[in-house]
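Each chain, letter by letter, is given below.
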Amino acid sequence: MSSKIAKTCQCDVDSECFCEIEAFVKGFKLSTLTYKRVMHLLNQEMNNGLKEHTHHVADIKMFPTFVRSLPDGSENGDFLALDLGGTNFRVLLVKLNKGDVDIQSKTYLIPQRIMLGTGQQLFDHIADCIGKFVRDHDLVGQKLPLGFTFSFPCRQEGLAKARLSKWTKGFRCEGVVGEDICHLLHEALRRRTNCDVEIVAIVNDAVGTLMSAAHTDRDCEIGLILGTGCNACYMEKLDNVGLWDGDYTHPEQVIINTEWGAFGDNGCLDFLRTEYDRELDTFSINPGKQVLEKMISGMYMGEIVRLVLERLAMEGLIFRGADRDCYLFERGKFYTKYVSEIESDHDEFFRNTKQVLDEIGVENYTTEDCKIVKYVCTLISARAAFLSAAGLSTLINKKNKGDMTIAVDGSLYRFHPRFHNLMSLKMQELVKPGLKFRLQLSHDGSGKGAALVAAVAMRLRNSIKQECV
Ligand code: ADP
Ligand code: MG
């Protein structure tokens, strides 16, 4: 571990219990050699996903999207966009005008009963939200092209045809796996509204994020999501995509949606998973699935911290006076935003940490407890940042291009105080010498990106009539 990184994960706990605590958390401290092993395995798995004869056994699906051209700044017009990411659902009106972008958006709630209900309920709910948005924005009667950011693994059969391969994150709606998402939305729109919208593109949030950043930065060829889930996409040469069965016209490239959150589902990461990772998995709604995602993303990080703190409390190493009724002992009640808040404490007063502990109902904690809580958070978020860095470094080394921008979106990256720095530092260790990179926050990546894909599609449709963009 470089000394800069070691410094950011230091613990100044002077408790006698420190050695005992170490025994319960040492599994989160991984060597650079271990991250290099992860990169090697990931590279193998990605190559398996890309090849026709190994794709069916690969966990990382490497789905070719039908997005082959990046925006060139000439995209114009008004577009509707939908962004269904896992936690948030938004409807957006995106106005593109010669490089300028104006966005109006509204976030709608998707209640849990709908996330776990039927597909028809989900798409009717989405259609109702679109109907409301169109009415509230005086768009009734306008024919608007729509780009849909649907951030679940889909096998794409065309730019506006994508079959769901499995649900991930908190969703499990019946009757949707294997179905064409655009068709289901069209049907719901027909049932529930009289809006005149045409779905011209369906993408996932990583692709939207890449497109959105590429609008202003021509060196951007990788997109990363660190939100509810974790996923990445990148621009790949068609010659390397064994699965590609579209045409080979210029540009001979296509964005690959890696769906790397599933990395490790075949057990290849078991050597580094901790007992806490296994417990979280057992109690998740998709046991055995999305192994990498569960070690990194916002939906899970808080729960890993909670499981460690719960264990330390049971062992009598922290919170000796804590009441067993508090939220520390309840699954899902320690949010990932707490990790950001706790790690933002920089002095001995631990204001944020105390506020979080008060909120979850821990009583009689000491300053020593606060130090340990913060230490646990730093170890778990650092592992997540380093695993993300290992993934990106694998892609950068694979592309082997002199200079590259990586567009990143998602609340974990946006709000965690150290994620960006930790990732950058680790990537400096893992990326091949001579290759330059920069991590760039993509503002409103997924919403704006979906509208841009739709806009590029409309531009190309009006000129050369082709099926991809
Ligand atoms: P989506 O995945 O729906 O696009 P976001 O990018 O907002 O939505 O990510 C939501 C995830 O981010 C949630 O799992 C939540 O726990 C996490 N999150 C929200 N706020 C913060 C924060 N301040 N720090 C770290 N994680 C956060
Ligand atoms: Mg999002």
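Residues numbered from 1 in each chain as written. Chains lettered and ligands numbered in written order. Predicted model: local features only at pLDDT ≥ 70, side-chain atom pairs only at ≥ 80, totals over all residues. Heavy atoms only, no water.

(A) View of the site of ligand 1. Around ligand 1, the surrounding shell holds 15 residues, and the nearest of these are Thr87, Asn88, Thr228, Ser340 and Ser411. Thr228 has a polar side-chain atom sitting 2.5 Å from an oxygen atom of ligand 1. Here Ser340 contributes a side-chain N or O atom positioned 2.5 Å from a nitrogen atom of ligand 1. Contact with the protein chains hides 81% of the accessible area of ligand 1, taken as 580 Å² for the molecule alone. Within the residue set of the shell around ligand 1, elements represented by two or more residues are helix H11 (336-343) and helix H14 (411-415). (Near = heavy atom within 4 Å. Polar contact = N/O pair within 3.5 Å; in protein donor to acceptor, adjacent residues only side chain to side chain. Areas by Shrake-Rupley, 256 points an atom, 1.4 Å probe, with all protein chains shown as cover. Helix = DSSP H or I, 4+ residues; strand = E, 2+ residues; numbered from the N terminus.)

(B) Here's a closer look at the packing of aromatic side chains. Using the criterion set out here, one finds 13 aromatic pairs in the structure. Pairing Phe28 with Tyr276 gives two aromatic rings, centres 5.8 Å apart and planes at 15°, and the pair type is stacked. With Phe28 in the loop between helix H2 (18-25) and helix H3 (32-50) and Tyr276 in helix H8 (residues 275-282), the pair connects residues that are 248 residues apart, well separated along the chain. An identical accessibility class is assigned to Phe28 and Tyr276; each is buried. Taken together, a centroid distance of 5.9 Å and an interplanar angle of 65° make the contact between Phe150 and Trp167 edge-to-face. Separated by 17 residues along the polypeptide, Phe150 in strand S5 (residues 144-150) and Trp167 in the loop between strand S7 (161-164) and helix H6 (181-192) bring together distant segments of the chain. Residue classification places Trp167 among the buried positions, given a relative accessible area of 9%. (Phe/Tyr/Trp six-rings, centres within 6.5 Å; stacked < 30°, edge-to-face > 60°. Buried < 20%, exposed > 50% of the residue type's maximum accessible area, 1.4 Å probe, protein only.)

(C) Quick look at the nonpolar core. Membership of the largest hydrophobic core comes to 127 residues, with the highest contact counts inside it found for Leu226, Trp260 and Ile406. For this core, the leading source of residues is helix H13 (residues 367-399), giving 18 residues. Here Ile406 is in contact with Ile222, Leu224, Leu392, Ile396, Met427, Phe437, Arg438, Leu439 and Gln440, once residues within four sequence places are set aside. Core analysis: the next-biggest nonpolar cluster, separate from the first, contains 41 residues, Phe89, Leu122, Phe148 and Ile202 among them. (Core = buried A, V, L, I, M, F, W, Y, C linked by side-chain atoms within 4.5 Å. Contact = heavy atoms within 4.5 Å.)

(D) Quick look at the side chain of Ser212. Relative to the elements of secondary structure, Ser212 occurs in helix H7 (residues 205-214). We classify Ser212 as buried; its relative accessible area is 2%. Not counting chain neighbours up to four residues away, the residues in contact with Ser212 comprise Ser442, His443, Asp444, Gly445, Lys448, Gly449 and Leu452.

(E) Inspection of unusual backbone geometry at higher detail. In this model, His250 is joined to Pro251 through a cis peptide bond whose omega is -5°. Inspection of the secondary structure puts Pro251 in the loop between strand S10 (230-237) and strand S11 (253-257). Positive phi, normally seen in glycine, also occurs at Phe319, with a value near 45°. With respect to the helices and strands, Phe319 occurs in the loop between helix H10 (301-314) and H11.

(F) Representation of the sheet that holds strand S3 (residues 89-97). Spatial strand order, S4-S3-S2-S5-S8: 5 strands in an open sheet with mixed pairing. Of all the strands in the sheet, just strand S4 (100-108) and strand S8 (197-203) have a single pairing partner and so form its edges. Each strand axis lies, on average, 25° off the axis of its neighbour in the sheet, ignoring direction. Sheet analysis places strand S2 (residues 77-84) next to S5, joined by 5 bridges and oriented parallel. Paired with Ala81 across the two strands is Gly147, which belongs to S5. Lying on the sheet, helix H5 (residues 119-136) is in contact with S2, S3, S4 and S5; it crosses S3 at an angle near 45°. (Pairing = 2+ DSSP bridges. Axes fitted to C-alpha atoms, helices over the stretch in contact; angles between N-to-C directions.)

(G) View of the side chain of His55. Note that His55 resides in the loop between H3 and strand S1 (63-64). His55 gets classed as buried once you look at its relative accessible area, which sits at 6%. Within the structure, the side chain of His55 is placed 3.4 Å from the side chain of Arg155, a separation counted as a polar contact. Not counting the four nearest positions on each side in its chain, His55 is found in contact with Asn48, Gly49, Lys61, Arg155 and Leu243.

(H) Representation of the pattern of salt bridges in the model. This structure, assessed with the given rule, holds 30 salt bridges. The residue Arg311 makes a salt bridge to Glu275 at a minimum N-O spacing of 2.5 Å. Here Arg311, found in helix H10, pairs with Glu275, found in helix H8; they are 36 residues apart in sequence, far enough to count as distant. The class of Glu275 is partly exposed, set by a relative accessible area of 44%. Linked by salt bridges that have partners in common, Asp124, Asp128, Arg191 and Arg192 make up one network. (Salt bridge = Lys/Arg side-chain N within 4 Å of Asp/Glu carboxyl O.)

(I) Representation of the sheet that holds strand S9 (residues 220-226). Strand order in the open sheet formed by 6 strands is S1-S11-S10-S9-S12-S13, with mixed pairing between adjacent strands. Only two strands of the sheet have a single neighbouring strand rather than two, namely S1 and strand S13 (436-441). As paired strands, S9 and S10 are joined by 5 bridges and run antiparallel to one another. Residue pairing in the sheet places Leu224 in a bridge with Ala232 of S10. Across the sheet, H13 touches S9, S10, strand S12 (403-409) and S13, and the angle it forms with S9 is around 165°.

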